[in-house]
Amino acid sequence: MSFDYDLFVIGGGSGGVRAARVAASDTGAKVGLAEESRYGGTCVIRGCVPKKLMVFASTYAPAMEQAAVYGWDVQMGGFNWSGFRRNLEGELDRLEGIYRCLLQNSGVETFDVRATVGGPHSVRLADGRVVTAKVILLATGGWPSVPDVPGAEYAITSNEIFHLEALPQRILIVGGGYIACEFAGILNGLGVQTHLWYRGEAVLRGFDKEARDVIVQGMQERGVQMHMQTNVARIEKQGAGYCVTDTKGARHDFDVVMYATGRTPKSAGLGLEALGIGLDSVGAVQVDGFSQTSVPSIYAIGDVTNRVNLTPVAIREGMAFVETALKGNPTSVDHELIPTAVFTQPEFGTIGLSEEQARAQEPIEVYATAFRPMNISFIDAPNKVLMKLVVSQKTRKILGCHIVADGAGEMIQLAGIAVKMGATKEDFDRVCAVHPTVSEELVTMKTPVRSA
Ligand SMILES: Cc1cc2nc3c(=O)[nH]c(=O)nc-3n(C[C@H](O)[C@H](O)[C@H](O)COP(=O)(O)OP(=O)(O)OC[C@H]3O[C@@H](n4cnc5c(N)ncnc54)[C@H](O)[C@@H]3O)c2cc1C
Ligand SMILES: NC(=O)c1ccc[n+]([C@@H]2O[C@H](COP(=O)([O-])OP(=O)(O)OC[C@H]3O[C@@H](n4cnc5c(N)ncnc54)[C@H](O)[C@@H]3O)[C@@H](O)[C@H]2O)c1
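Within an unreviewed UniProt entry, the label attached to the chain reads Glutathione reductase Gor, and the organism entered is Planktomarina temperata RCA23. As recorded by UniProt, the Sequence similarities (unreviewed entry) comment attached to the chain reads in full: "Belongs to the class-I pyridine nucleotide-disulfide oxidoreductase family." What the UniProt record of the chain gives under Subunit (unreviewed entry) is the line "Homodimer."

(A) Focus on helix H8 (residues 209–222). With 14 residues, H8 extends 20 Å from end C-alpha to end C-alpha; this agrees with the ideal 20 Å at 1.5 Å per step. Here H8 has its buried residues at Glu-210, Ala-211, Arg-212, Val-214, Ile-215, Val-216, Gly-218, Met-219 and Arg-222.

(B) Molecular detail of the site of ligand 1. By nearness alone, 35 residues border ligand 1, and Gly-11, Gly-13, Gly-41, Gly-141 and Gly-302 come closest of all. Mapped by element, the contributors of at least two residues to the shell around ligand 1 are helix H1 (14–27), helix H2 (41–46), helix H3 (48–58), strand E4 (115–119) and helix H9 (311–326). A breakdown of the residues in the shell around ligand 1 according to their chemical character gives eleven nonpolar, 18 polar and six charged.

(C) Spotlight on the packing of H3 against helix H5 (residues 81–105). Where H3 meets H5, the axes come as close as 11 Å, and the angle between the chain directions of the two elements is 145°. The way H3 lies across H5 gives a crossing that is right-handed. Every residue of H5 that contacts H3 at Val-49, Pro-50, Leu-53 and Ala-57 is listed here: Phe-84, Leu-88, Glu-91, Leu-92 and Leu-95. Partitioning the contact of H3 with H5 into residue classes produces eight nonpolar, no polar and one charged.

(D) Fine view of the sheet that holds strand E13 (residues 251–254). The sheet built from three strands is open, its strands ordered E11-E12-E13 with antiparallel pairing. For this open sheet the edge positions go to strand E11 (232–238) and E13, each flanked by a neighbour on one side alone. The sheet shows a mean angle of 25° between the axes of neighbouring strands, taken without regard to direction. As judged from the four bridges shared by strand E12 (residues 241–246) and E13, these two strands associate in the antiparallel manner.

(E) Geometry of the environment of Gly-349. Relative to the elements of secondary structure, Gly-349 occurs in strand E18 (residues 348–352). Put simply, Gly-349 and Val-130 are 219 residues apart on the chain and 45 Å apart in space, counted from C-alpha to C-alpha. If near-sequence neighbours (up to four positions away) are discounted, Gly-349 is found in contact with Pro-339, Ala-341, Ile-403, Ala-408, Gly-409, Met-411 and Ile-412.

(F) Main features of the UniProt feature "domain: Pyridine nucleotide-disulphide oxidoreductase dimerisation" (unreviewed entry) in the chain. Annotation from UniProt places "domain: Pyridine nucleotide-disulphide oxidoreductase dimerisation" (unreviewed entry) at residues 338–445. Its end C-alpha atoms 24 Å apart, residues 338–445 is made of 24% helix and 29% strand.

(G) The sheet that holds E18, seen in detail. In spatial order, the strands read E17-E18-E21-E20-E19-E22; together these six strands make up an open sheet with antiparallel pairing. Each edge of the open sheet carries a strand with a single partner, namely strand E17 (340–342) and strand E22 (450–451). Pairing geometry for strand E19 (residues 364–371) and E22, over two bridges, is antiparallel. Residue pairing in the sheet places Glu-365 in a bridge with Ser-451 of E22. Along the sheet face, helix H11 (residues 408–420) touches E17, E18 and strand E21 (398–404) and points at about 15° away from the line of E18.

(H) Expanded view of the packing of H1 against H5. Axis separation between H1 and H5 bottoms out at 8 Å; the angle between their running directions is 25°. Comparing their axes, H5 and H1 come out roughly parallel. Viewed along their axes, H1 and H5 form a crossing whose handedness is left-handed. Taking contact as the criterion, the partners of Val-17, Ala-20 and Arg-21 in H1 are, on H5, Tyr-99, Leu-102 and Leu-103. A per-class count over the contact of H1 with H5 returns five nonpolar, no polar and one charged.

(I) Representation of the site of ligand 2 in the model. Taken together, 22 residues lie near ligand 2, and Pro-147, Gly-176, Gly-177, Ile-179 and Asn-309 sit nearest. Of all elements in the fold, only helix H7 (178–189) and E17 reach the threshold of two or more residues within the shell around ligand 2. The leading source of residues in the shell around ligand 2 is H7, at four residues. A breakdown of the residues in the shell around ligand 2 according to their chemical character gives ten nonpolar, nine polar and three charged. Viewed by domain, the shell around ligand 2 spans two of them, domain 2 (152–260) and domain 3 (340–451), each represented by three or more residues.

(J) Representation of the nonpolar core in the model. Formed by 69 residues in total, the largest nonpolar core has its most connected members in Ile-173, Phe-183, Met-258 and Val-404. Here the element with the most residues in this core is H7; it accounts for eight residues. Looking at which domains feed residues into this core, each of domain 2 (152–260) and domain 3 (340–451) gives three or more. Not counting residues up to four positions away in its chain, the partners in contact with Val-404 are Ala-211, Val-214, Ile-215, Pro-346, Phe-348, Val-385 and Leu-386. Membership of the second largest hydrophobic core comes to 54 residues, among which are Ile-45, Leu-270, Ala-300 and Val-333.

(K) Focus on unusual backbone geometry. For the bond running from Gln-345 to Pro-346, omega is 15°, close enough to zero to count as cis. Mapping Pro-346 onto the fold places it in the loop between E17 and E18. Following His-435, the chain continues to Pro-436 via a peptide bond in cis, the omega torsion being -10°. Note that Pro-436 resides in the loop between helix H12 (425–430) and E22. With a phi close to 65°, Ser-291 is a non-glycine residue in the positive phi region. With respect to the element layout, Ser-291 can be found in the loop between strand E15 (263–265) and strand E16 (298–300). In this structure, Leu-337 is a non-glycine residue whose phi angle is positive, near 50°. Along the chain, Leu-337 turns up in the loop between H9 and E17.

Parameters at a glance
Residues numbered from 1 in each chain as written. Chains lettered and ligands numbered in written order. Predicted model: local features only at pLDDT ≥ 70, side-chain atom pairs only at ≥ 80, totals over all residues. UniProt positions renumbered as here; feature names shortened; annotations may be inferred. Helix = DSSP H or I, 4+ residues; strand = E, 2+ residues; numbered from the N terminus. Expected span 1.5 Å × (residues − 1). Buried ≥ 20, exposed ≤ 12 C-beta atoms within 10 Å, placed from the backbone. Near = placed C-beta within 6 Å. Nonpolar A, V, L, I, M, F, W, Y, C, P; charged D, E, K, R; others polar. Axes fitted to C-alpha atoms, helices over the stretch in contact; angles between N-to-C directions. Left-handed = near helix turned anticlockwise from the far one by under 90°. Contact = placed C-beta atoms within 7 Å. Pairing = 2+ DSSP bridges. Parallel < 35°, antiparallel > 145°, perpendicular 65-115°, else oblique. Domains from an automatic or database assignment. Core = buried A, V, L, I, M, F, W, Y, C linked by C-beta atoms within 7 Å.

Structure, rendered in structure tokens:
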């Protein structure tokens, strides 16, 4: 049987673009790709990249205050949101252009339309065309989910935050995960009065508790107003802003309400149910260890499978898919010991088990130190640092490494190599310190602070 394409990819984000261009350039496969919005997907257009640029923008005010203590004559002006937004949009246009070029140069044929699955080998394009492919890859990502509370339609999500006409004076951010905590730091740093409401007891659930405590303290000291065990009961329009009633009945005024309450896999309406492809209760496409669905010619990668929703993971799943489905070399993705950073202020880098998870698994030793780093030692600035290693008593392996510090994302990328290689505490100890640095603590902590 002959097909129009060897591979057709639905979704031009992190996973889809990588899979399409590696398949076309490495295997010579004829590849088509449909993207309904902008190339680069969530990460480039409305996620990692614009978010990180906003993190950078938001850290200049404290840096300038500190510069004055270091002897600089600093004139602090205001923040020009529209100027920043213009530059941000220019950068995203540039990056989208690069993504388009990468696809074009690898010989991938692109279609700027929505696509759905018509059958095991057929794809329907929104302009009415139907194409056939030997293999179909679903890489449609995820979408913000907003709880069904009265007035939720007035709230924005991370999709809209980059496009605000003006910065609000007061913002409410609802949620306690990556996005809520990152944007609380960003908006607070840009001078917005920032309130974070979280329904549970402490934000960043699932991460190491000691690290979460240091992060929360740092966020509060910087000015974020954190309200725990608080949720939204109702949002009402009030003049140019909103009146939000909380679950305890109190009413509060905000200019903008932003929901950061998780993301849902974008699988609805793709035509998967008709083919018997399994979706879980939140709509995640069910796949095996090789990203193959129950229909052998259809695979799925990235956030639409809701495994580990991070860009580098979607990319790795895309490359493993090409090995498996186009090179005849079945390759699964290792989802264990993935380092990650939460770009909160203070920043968090982490890999492996939290102390709480490790304790439940086996006897451990904990090495931890919290201190004020040298760069602010003579400045009245909030920036406590935490360096923490969770060690197996039996194997001496590092089970978890947790860093709260400026540059923690960069540090955990490097420490993560050692942890992934199975380094022991004694391997860390054998490495000579780099002095004076914050990260030297990782190789100089001699005595456990506790055992369990
Ligand atoms: C605010 C925010 C910040 C983030 N920050 C980070 C970070 O710092 N680090 C990190 O690792 N991860 C981060 N992430 C997560 C990361 O962006 C995602 O894990 C990653 O983009 C997933 O890639 P993907 O290929 O699965 O999907 P996506 O990148 O979402 O791409 C899916 C693409 O498919 C298109 N599409 C959907 N349906 C169709 C259809 N039917 N037809 C045609 N096209 C379709 C969409 O338009 C989209 O372009 C962040 C996410 C958000 C929201
Ligand atoms: N730095 C990074 O790598 C980075 C940054 C942003 C996003 N991401 C990825 O994107 C994913 C989505 O981020 P997110 O922050 O939206 O999701 P999340 O799952 O990390 O957090 C969702 C939060 O919303 C809360 N919540 C859920 N339903 C609620 C409801 N009905 N009412 C009130 N609160 C509710 C949850 O308790 C949780 O605190 C992350 O899990 C992560 O994989 C990664």
